[in-house]
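Coordinate inspection notes
Residues per chain are reported as follows:
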Amino acid sequence: MEIPFSEAYRIKMVEPIHKSTREQREQWIKQAHYNLFSLKSSQVFIDVLTDSGTGAMSDRQWSGMMLGDESYAGASSFQNLKDAVEKICTFPLVIPTHQGRAAENVLYSATLKEGDIVPGNSHFDTTKGHIEFRKAVAVDCTIDAASNTELELPFKGEMDLNKLEDCFKKYPKEQIPMCVLTVTNNTAGGQPVSMKNVRETSELCHKYGIPLQIDGARFAENAYFIKMREEGYADKSIKEIVREMLSYADIMTMSSKKDAVVNMGGFLAMRDEELYHKCSMYAVMNEGFLTYGGMNGRDMNALAIGLDENTEFDMLDTRIRQVAYLGSKLDEYGVPYQRPAGGHAIFLDAKKILTHVPKEQFIAQTLGIELYLEAGIRGVEIGSILADRDPKTGENRYPKLELLRLAIPRRTYTNNHMDVIAAACKNVYDRRESITRGYVITRELPVLRHFTVELEPAK
Ligand SMILES: *Cc1c(COP(=O)(O)O)cnc(C)c1O
């Protein structure tokens, strides 16, 4: 018989997680004011809130921690990171930062001014936050197909080149400091971007004299999808694909908590010396000296090793197959989600599941609470609580999609855990007709309300 697939690693250290009863969870979620962010991790059995900084490091990464050089300036750990970024990501200049949004902060402090335009394919929320904070405008140029959850496309996270060119034609080049291409497209459901689209986006940017920034939080997962789905790449290694993909960009911002599989860290990389010098000032001011920038030496070592390991096929294959495995279980049970399964997460389509809960009572949040009550699983709402109020009218915004994201940490859970998640989803789905009431807000902050919002069951 054919030898089945299995993980490309074995386990050397384990961490106990805690089961609980439904009665306990009812108590805990009430005490947390029905906000999943307010639960203690010990009250959660399987935590799929995020895949950011929640992965398991390898033995090689842990050994790198012990060899960290904590010198203030010129540490060998920085050199290791610099070498890895140059070799794997093709960028000769790198500034370490404490995480991805810090890289955005340094870059945009040096380049953006009020009224600027930054087009992209669904900017990630911190990216958009840093753009809008500077009174610049993030223009979304994602392909329309990305918002149709049932459409199966191999590269559903792509840039719409017509929308992008319209933007380039509408505004003078001086007003567009860069264009951001996010790979994979997190906001659109962890959907990848093809090499053709990366190349053509780069060509279009350069035709108009605009630098291309890649937001590379999940660059390795994107390279995996290119290898598996795009003609001409099946026989290329992930590292070859990564090099080609990133060679089209002028700037890279990186949240190392994702595809470099470390618990904390990030970097800003570029080719242009002048830009590097501009950014250096903000890096020194906000992050730290240029050879550590908000990171420990040991963490830079682990990051350098993570970049190397996680651009190997077997690691990515294990990870992405696990997400797809969860998707296939949900298919079996008929539970609707954003198709096809993304690289890092499954996005349950809450509107199609809880059809009796009115949108004013937060459909995706209600689904998140039900899933927690069912089996102690913590996902995250990507719906109208996250969408927040309209800054002008103060009214709640109701986005087209109400999604519950189940983000799978790297190398952390087994497929048995995926079975538990899928079964819990099925149970909630099977009793969906009986779920008719959602929640109402009792307290909220004026910005980023989802982290701290308090709710109670609707009457
Ligand atoms: C997580 C993420 C960021 C921000 O990184 P942090 O490390 O969380 O600050 C930026 N872009 C994308 C696509 C991300 O997924």
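Quick notes on the rules
- Residues numbered from 1 in each chain as written.
- Predicted model: local features only at pLDDT ≥ 70, side-chain atom pairs only at ≥ 80, totals over all residues.
- Heavy atoms only, no water.
- Buried < 20%, exposed > 50% of the residue type's maximum accessible area, 1.4 Å probe, protein only.
- Helix = DSSP H or I, 4+ residues; strand = E, 2+ residues; numbered from the N terminus.
- Pairing = 2+ DSSP bridges.
- Right-handed = clockwise from strand over helix to strand, strands pointing away.
- Salt bridge = Lys/Arg side-chain N within 4 Å of Asp/Glu carboxyl O.
- Arc of directions from axis to C-beta.
- Polar contact = N/O pair within 3.5 Å; in protein donor to acceptor, adjacent residues only side chain to side chain.
- Near = heavy atom within 4 Å.
- Areas by Shrake-Rupley, 256 points an atom, 1.4 Å probe, with all protein chains shown as cover.
- Nonpolar A, V, L, I, M, F, W, Y, C, P; charged D, E, K, R; others polar.
- Axes fitted to C-alpha atoms, helices over the stretch in contact; angles between N-to-C directions.
- Contact = heavy atoms within 4.5 Å.
- Domains from an automatic or database assignment.
- Buried area = accessible area lost by both parts, 1.4 Å probe.
- UniProt positions renumbered as here; feature names shortened; annotations may be inferred.

The next subject is the pairing of strand β3 (residues 117–120). Neither face of β3 is exposed, since Ile-117 and Pro-119 on one face and Val-118 and Gly-120 on the opposite face are all buried. Inspection of the sheet shows β3 paired to strand β4 (residues 137–140) by 4 bridges, in the parallel sense. Along β4, the bridge assignment pairs Gly-120 with Asp-140. The parallel pair β3 and β4 is bridged by helix α5 (residues 125–133), and the resulting crossover is right-handed.

Now for the pattern of salt bridges. Applying the stated criterion across every chain, the model contains 34 salt bridges. The shortest N-O distance in the salt bridge between Glu-444 and Arg-449 comes to 2.9 Å. Under the relative-accessibility criterion, Arg-449 is labelled buried at 0%. Ionic contacts of the salt-bridge type, sharing partners, join the residues Asp-51, Arg-218, Glu-221, Asp-259, Arg-319 and Arg-410 into one network.

It is worth spelling out helix α6 (residues 161–170) at this point. Listed as buried for α6 are Leu-164, Glu-165, Cys-167 and Phe-168. For α6, the angular spread of the buried residues around the axis is 155°, confining them to a single face. For α6, the exposed residues set more than 90 degrees away from the buried face come down to Asn-162, Lys-169 and Lys-170. Among the residues of α6, the N-terminal cap falls to Asp-160, whose side-chain oxygen and the backbone nitrogen of Asn-162 are separated by 2.9 Å.

It is worth spelling out the site of the ligand at this point. Gly-100, Arg-101, Asp-215, Ser-255 and Lys-258 are the nearest of the 14 residues found near the ligand. Between the ligand and Asp-215 there is a distance of 2.6 Å, counted from a nitrogen atom to a side-chain nitrogen or oxygen. Summarising the interface, the protein chains cover 97% of the accessible area of the ligand, which totals 380 Å² for the free molecule. Grouping the constituent residues of the shell around the ligand by class yields 2 nonpolar, 6 polar and 6 charged.

Attention now moves to the sheet that holds strand β9 (residues 345–349). Taken in spatial order, the 3 strands of this open sheet run β9-β12-β11, and their pairing is antiparallel. Unpaired on one side and paired on the other, β9 and β11 (380–382) mark the two borders of the sheet. Here the average twist between neighbouring strands, direction ignored, is 30°. Where β11 lies against strand β12 (residues 403–407), 3 bridges are found, and the strand directions are antiparallel. Residue pairing for β12: Ile-382 is matched across the bridge by Leu-403. Packing against the sheet, helix α14 (residues 363–375) makes contact with β9, β11 and β12, and its axis sits at approximately 45° to β12.

The next thing to look at is the domain arrangement of the protein chain. Along its sequence, the protein chain is organised into domain 1 (22–51 + 313–457) and domain 2 (59–310). Here domain 1 and domain 2 have C-alpha centroids that lie 27 Å from each other. Every contact between the two is made by 24 residues of domain 1 and, on the other side, 31 residues of domain 2. Between domain 1 and domain 2, the buried area comes to about 2300 Å², and carbon and sulfur atoms account for 51% of it. Linking domain 1 with domain 2 are 6 salt bridges, by the criterion used here. With its nearest N and O atoms 2.9 Å apart, the salt bridge here joins Arg-218 to Asp-51. Counting across the interface, domain 1 meets domain 2 through 20 residue pairs in polar contact (both at pLDDT 80 or more). At the level of elements, α12 (313–333) and β9 are the ones that each hand at least two residues to the side of domain 1 that touches domain 2. Among the elements that line the side of domain 1 that touches domain 2, the one with the most residues is α12, at 6 residues.

Here the UniProt-annotated "domain: Aromatic amino acid beta-eliminating lyase/threonine aldolase" (unreviewed entry) positions come out as residues 47–423. Taken end to end, residues 47–423 comprises 44% helix and 12% strand; its first and last C-alpha atoms sit 15 Å apart.

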